[in-house]
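# Observations on the three-dimensional arrangement
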Amino acid sequence: MKIKTTVATLSVLSVLSFGAFAADSINADQAQSRESIGTVSVGAIGTSPMDMNQMLSKKAQEQGASSYRVIEARTGDHWHATAELYK
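Residues numbered from 1 in each chain as written. Predicted model: local features only at pLDDT ≥ 70, side-chain atom pairs only at ≥ 80, totals over all residues. Heavy atoms only, no water.

### Details of helix α3 (residues 49–62)
Here α3 is 14 residues long and its end C-alpha atoms lie 20 Å apart, about the 20 Å a rise of 1.5 Å per residue gives. Of the residues making up α3, those classed as buried are M52, L56, S57 and A60. End-on view of α3: buried residues confined to an arc of 130°, all on one side of the axis. For α3, exposure combined with an orientation more than 90 degrees from the buried face picks out M50 and E62. One or two positions beyond α3, positive phi appears at G64, with a value near 85°. (Helix = DSSP H or I, 4+ residues; strand = E, 2+ residues; numbered from the N terminus. Expected span 1.5 Å × (residues − 1). Buried < 20%, exposed > 50% of the residue type's maximum accessible area, 1.4 Å probe, protein only. Arc of directions from axis to C-beta.)

Rendered as structure tokens:
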């Protein structure tokens with residue numbers, strides 16, 4: 001029982017910590033007042049759109065961006081997305 005509680009607690013904490021340091025997804029209107037610092041792309045087979053956003057957020061953060069805007073996305077068995085990064 002302790003193991004299940006520990007795993008559940010760690011799962012919740014990892015989600016909270018990911019959200020605290022992740023880059024935010026923004027829309028085109030919000031992007032107008034920010035400085036673009038480049039683009040990133042991600043792709044995978046058989047994952048969800050939520051996974052795509054998490055992957056984009058992680059890559060954006062690694063590049064020093066505080067936010068990103070999806071500028072291209074394709075879905076299907078193999079999906080691909082490109083996002084513009086902003087300070």
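### A closer look at the nonpolar core
Residues L56 and Y68 are the most contacted members of the largest nonpolar core, which totals 13 residues. Of all elements in the fold, only β2 (36–45), α3 and β4 (78–86) reach the threshold of two or more residues within this core. The dominant element in this core, judged by the number of residues it contributes, is β4, at four residues. Contacts of L56, omitting those with residues within four sequence positions, involve V40, V42, Y68, V70, A81 and A83. (Core = buried A, V, L, I, M, F, W, Y, C linked by side-chain atoms within 4.5 Å. Contact = heavy atoms within 4.5 Å.)

### As for the sheet that holds β4
Pairing between the strands of a sheet comes from backbone hydrogen bonds, and it takes one of two forms, parallel or antiparallel. Taken in spatial order, the four strands make up an open sheet running β1-β3-β4-β2, and their pairing is mixed. Either end of the sheet is taken by a strand with one partner, and the two such strands are β1 (24–25) and β2. Relative to β4, strand β3 (residues 67–74) runs antiparallel, the two being bridged by seven bridges. Paired with R74 across the bridge in β4 is H80. This element, α3, spans β2, β3 and β4 of the sheet and lies at about 140° to β2. (Pairing = 2+ DSSP bridges. Axes fitted to C-alpha atoms, helices over the stretch in contact; angles between N-to-C directions.)

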